[in-house]
Every structure is written in C-alpha cells, then in structure tokens.
Amino acid sequence: MDDNATAVLEEARICEAGGSGQLLPLGGDWEIGLNPRVRMVLYFIGLIYSFMGVSVVADLFMSAIERVTSVQRCVQIGTSKRFCTSPVWNETVATLTLMALGSSAPEIMLSLNDIVKRTFVQGKLGASTIVGSAAFNLFVIVAVCINAIPAGESRQIKQRGVYAITALFSIFAYVWLLFIVAFISKDEIELWEGAVTFLYFPVFVTVCYLADIGVLTIDNLKTKCCPKRFDEEADTGPKTWLEKFKVENFKEEDLDPEEKRRREEEDKKREAARLAKERELGINRPGETLTRKQRCLRRCCRRRPPPQAEEGDVEAMVEEEHNTYLSDPNIFLLDDDGNPLENEYGIITFSMHSLTIRAKNEEQHIPVQIVRKNGNEGKVTCTYRLEQLSAIPGFDYEDDEGEVQFRDGVQSAEITLTVLPKKRGERSDRFQVVLEEPTGGAEFNPDFDGGEECQRLTVIVENEIRGGSCLTALIDSIVNLDELRQGTSLWKDQVLENVYVGGSKEEQDQAGALDWLNHLIWLPWTFTFALLTPPPAYLGGWICFFISLMHIAWLTIIIGDLAELFGCVANVDDNITAISFVALGTSVPDLFASMTAARQDP
C-alpha cells in the first residue's frame, strides 16, 4: 500500500473531532458535540432531502437531453420542393450515451468525487454506490416495470440485436474488471488499463449503432464468413474480375450504338405500357406525354430536363404536375410498380410537399389542404401538430394541435396556420405540420416525408422585409434571436411556476394545507434550480445540459459527506451505507421514469 493510502487511513473519521469532509460538517466542534442519536437523525433527514434535490435537478437534466436528442434535420432534395426529415441523433446512440448519462449521472459524479478527494485511492462510498445501484436496477426496477404493465397487455424488445450486444458487453465488462484487478495488476488500476476500459465504450456504441442500422446482422455475418453458401446471387452475378470491373464502372456512353438503341426501344415499350395503364386510371391529363425520365421525376422530383427544354421551365412543370398528383383526390397514389395503393378507407397526405409563405408586417392565416386518396369509405381521422425547426412558436407562428376528420365520402379537409409578422433583418425560418395517428383504417402516403408513420409538410417563412441593423441580422444568422427571446420568457415562467402553489396564482388560491406543506418542503430545491438553471430552449438544450450536470456534481459532494457522517455516527460501514441508502436514493428517479415508460410505451 502506498503512502497516500496510509495517510488516508490515519486521518480522523469525519464524525470525530479533527475530522472533516469536503463541505460538511458545517457546525464544526459544536456539531460534533451533539448527541449521536440526534446527529444520526439529522444526517439521515439530510440524505433524504438531498435525494429530493437530485430528483428535481435530474428532471431538468433529462428535459435538456430530450431537447438535444429531439433535433430534426430537414434536407431539401436537390432543387425540388421536397424535403427529407430525419433525427440528428440515432435513437440507439442517444439512449446509450446521453440518456444513460442522464439516468446514471448522480452515481457517476458521486464515484468520481469519491476517488478524486482520496487522491485516486479507492474509497468505499463511490464503488459501492455503483454496485448497489446496478443491483437495484437489475432486481427492483425490472420487477416494478414488469408489474407496471397494464393487465392484458404485453411488451416486446424492439431491437433484439442491440439488446443482445448490450447484454454481451455487460458481462464482458464485469469479467474485464475482475481480470485487471485480480490478475494483471492486483488491487491497482494502471493508466493503460483505465484508458482501454474507457475506449471499450465508444467501441460498444459503434457496434450497437451498426446493429441498429442493419449493417451488423446475423445474415450479414453469415454472408461474410461463408459467401459461397449464403450468397444467393453468387451464381447469377459476375464471376471474373473483368466482369466485376465492367459492372462497377459501367457508363452509358460506353455502350455501342446498337446496344444503346436496343435499350432505348425497351424503355419506350415499358413506358408506353405504363402510360396506357395510368390513362385508364386517370393519372395523366389529356394529351400529356411524358418520357421515362420525366415520369421518374414526377415520382421523386429528380428528373433531368430534356435537351430542348429550359431547366427552370421543366422544374416548374414538374412541381405543378406533382402538386396536381397530390392535391387531386381522383388521382390515385401508385406504388413502385405503377399499381394503385389499395386502401378502401383512404390514404391521407398533404396536397403539396412544401409551403412557402412570404412574411409580412401583419399576421397571416394560411390554409393547408389535406387530402384523402385511393378510397373514401367510412369516417377516418388523424391528429396534427406543429413542430419547430428554426421557426419559434409564439414568435414566428402560433403553435397549434388538433384533429382532422374525414366523414364518409369526404376526400378533402383543411387546417389554418397562423404566421406572425417578421421583423426587419430577421432571417427566414422553417417549421413543419405533422400528421400522426390515423384511425378508421386509413394510412399515410409512404412516398411523402415521414413515410407510413407520419406526414411532414415543411413550411418556409421567407422574410423579404428589407432594412434593419446589419449587426442584428448577423447575430440572428448565428444565434436565433427568437430562440433567445423564447428562452427568456420560459425562464421567467418557470421561476413563477415554482413560486406559486400548484404553478399559478389561480391554483394557489384553491390550495389546501397539505398542498402548502408539500410546496414549502420542495420550494428550496425547486426555486433554486428554476432560478439557476436556464430552460432547454437556449441553444438546443446544451446550456441546460451542462448547468444541470454542475448542479448534480455539487449535490453529490453533499450526499457523499452526509453518507459518511451518517455511517460514522450510526457505526455502519460505508459499504453498507452506499449499497443501501445512497444507491436507493440515487436510483429512485430511474425507478419512476422506467415505470412510466413501461406503462406508456407500446
């Protein structure tokens, strides 16, 4: 044992004269002179109250993480008016990194603080808290979640590959820790061992990500390991190196004129058959003749203009045709083979892929058409909501949500957007109208942004009001000023909500004695964190994320001192205190969050 460890053991205990923690005891010798039973009760109450503070700041921390991981990337497809929306954060990666950090931050910070204050000599409190929390998660939380599922319902593991990899890495982690502590360097963690252990985490996240996106699957592994046995295309594909080179580097101009004519004739025949079928269904307008390239662009907005047409004219024609294709309920939606999508109750979609609004100095009310195609039997509904991108609700548009109804035989419905006036020099912004939860047997258009799960109409609010300060325009282009204004307003609201009983003056006027008592107990924590922690609206939630993490850090310092004081006065070993009381207190927020998820998630 080195000199640092010996010095730690020779120090006076924290509850005795001459002993001290990082912040506690505050009373010094006066506090040490109190009756041990009184001190034990006070320290225990202090632990419980600190756990309450952890639960409050953990909620703020998780709300920041939810804001960070909910950011969507909306990308315009080429020069068309179509957009593709996808989350910036992969769900699996977000769960394994930020979500895991949010639920385990108190234990991590407590262990980190315990090891640092002992000059990197292991203490009993930090490691035992992690072990106790792991045991609590494995036995108590799993049992509570199983019993929380409503009667008659069941839950299934969605990502079985990711689940299997997580289980495998969990077992490997315990074996690896045992190996480096008991065999490689007994009772000591060397620097390279710590570095390798830490690097296992990004490896684990990467492997889970590959499994989530379908790259790392059992079928792919079989194909890589035994290509001759499992590759179904081995007999029909190119076999020699020259054949593979020709396929991989094929260019249309490399064809000889006769082969090129033959392929063009085949394309014309297939397109003629397709157009004939569509004319029977009423897809094309009278006298309209489209080439194969034009037809493809109608479907995916990537058509190349024919040589005799101007590019701008063709793009305008494509957009007009495609908007007609969507907005006319009598034109069927087609699958990739050119056959109508079958649904007698209808396929719900927007009448256009995107909507551009010219900002004005006054409020505008813009109608948005929603159509029901390929069927109109029965009553169907879907919900709608507005989702911010760069546009901020309350500053660029009025937030709204509701339900869209189509009665039997009705094929068109309309909702109204309220767009607020723009200021001079303010940048153009975007937001989306999102359709979700179709009922009555209806489905969503699979060839629209959002696919079969939802429909996303991107609304572009263009600011053409000239003038204003150049500095303001520059700042707004870097940091969204409306987002800062929204954050300031929300910050003020969250402070006032925590001052009033029930969150408002009206609720406070009707509050009873128990409501007041509960409010006063929680007030020191709720008011402190509401005042010192900005809402997630600022900079995408990152400011709230880091400040909440700082709050958890100083709270765990207090919890560490209180746990040692309680164990010292009660003559309970720090291992027992950490595994039982501390682990339980830091895991209670996980318990309620997991229980709620088990009840609500399908």
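You'll find the structure just up there.
Residues numbered from 1 in each chain as written. Predicted model: local features only at pLDDT ≥ 70, side-chain atom pairs only at ≥ 80, totals over all residues. Heavy atoms only, no water.

## Let's talk about the pairing of strand β2 (residues 83–87)
Across five bridges, the pairing between strand β1 (residues 72–76) and β2 is antiparallel. Residue pairing across strands places Gln72 opposite Pro87, the latter belonging to β2. In textbook terms, the turn of a hairpin is the stretch between consecutive antiparallel strands, and for β1 and β2 this stretch comprises six residues, one of which, Gly78, has a positive phi near 60 degrees. (Pairing = 2+ DSSP bridges. Helix = DSSP H or I, 4+ residues; strand = E, 2+ residues; numbered from the N terminus.)

## Here's the deal with helix α15 (residues 481–499)
Over its 19 residues, α15 runs 28 Å from end to end, which matches the ideal 27 Å to within 8%, given 1.5 Å per residue. Within the span of α15, buried status applies to Leu481, Asp482, Glu483, Gln486, Gly487, Gln494 and Val495. As for α15, its buried residues are in contact with α3 (36–69), β6 (380–388), α14 (470–478) and α17 (513–532). For α15, the N-terminal capping position is held by Asn480, with its side-chain oxygen 3.1 Å away from the main-chain nitrogen of Asp482. (Expected span 1.5 Å × (residues − 1). Buried < 20%, exposed > 50% of the residue type's maximum accessible area, 1.4 Å probe, protein only. Contact = heavy atoms within 4.5 Å. Polar contact = N/O pair within 3.5 Å; in protein donor to acceptor, adjacent residues only side chain to side chain.)

## Comments concerning the sheet that holds β6
The five strands are arranged β4-β11-β9-β6-β7 in an open sheet whose pairing can be described as mixed. Edge positions in the sheet fall to β4 (354–358) and β7 (401–406), since each has one partner strand and no second. Pairs of neighbouring strands in the sheet enclose a mean axial angle of 25 degrees, with direction left out of account. In this sheet, strand β11 (residues 455–462) lies alongside β4 in parallel orientation, the contact comprising five bridges. (Axes fitted to C-alpha atoms, helices over the stretch in contact; angles between N-to-C directions.)

## Quick look at the packing of helix α6 (residues 160–184) against helix α7 (residues 191–212)
Across the interface, α6 lies against α7 with an axial gap of 10 Å and an inter-helix angle of 170 degrees. Classified by the interaxial angle, the pair formed by α6 and α7 is roughly antiparallel. Of the residues in α7, those touching α6 at Val162, Ile165, Thr166, Phe169, Phe172, Trp176, Leu177, Ile180 and Ile184 are Trp192, Glu193, Val196, Thr197, Tyr200, Val203, Phe204, Val207, Cys208, Ala211 and Asp212. Each residue belonging to the contact of α6 with α7 can be placed in one class, and the counts come to 16 nonpolar, two polar and two charged. (Parallel < 35°, antiparallel > 145°, perpendicular 65-115°, else oblique. Nonpolar A, V, L, I, M, F, W, Y, C, P; charged D, E, K, R; others polar.)

## Observations regarding the pattern of salt bridges
Side-chain pairing between opposite charges can occur once the charged atoms of the two side chains come close. Taken as a whole and assessed by the stated rule, the structure comprises 17 salt bridges. With a closest N to O distance of 3.5 Å, Glu483 and Arg67 form a salt bridge. Here Arg67 lies in helix α3 and Glu483 lies in helix α15, a separation of 416 residues in the sequence. For Lys117, the salt bridge identified is with Glu564, shortest N-O distance 3.0 Å. Here Glu564 lies in helix α18 (residues 542–569) and Lys117 lies in helix α4 (residues 91–117), a separation of 447 residues in the sequence. Judged by its relative accessible area of 27%, Lys117 is partly exposed. Since its relative accessible area comes to 10%, Glu564 is described here as buried. Overlapping salt bridges bring together Asp396, Lys422, Glu426, Arg427 and Asp429 as one network. (Salt bridge = Lys/Arg side-chain N within 4 Å of Asp/Glu carboxyl O.)

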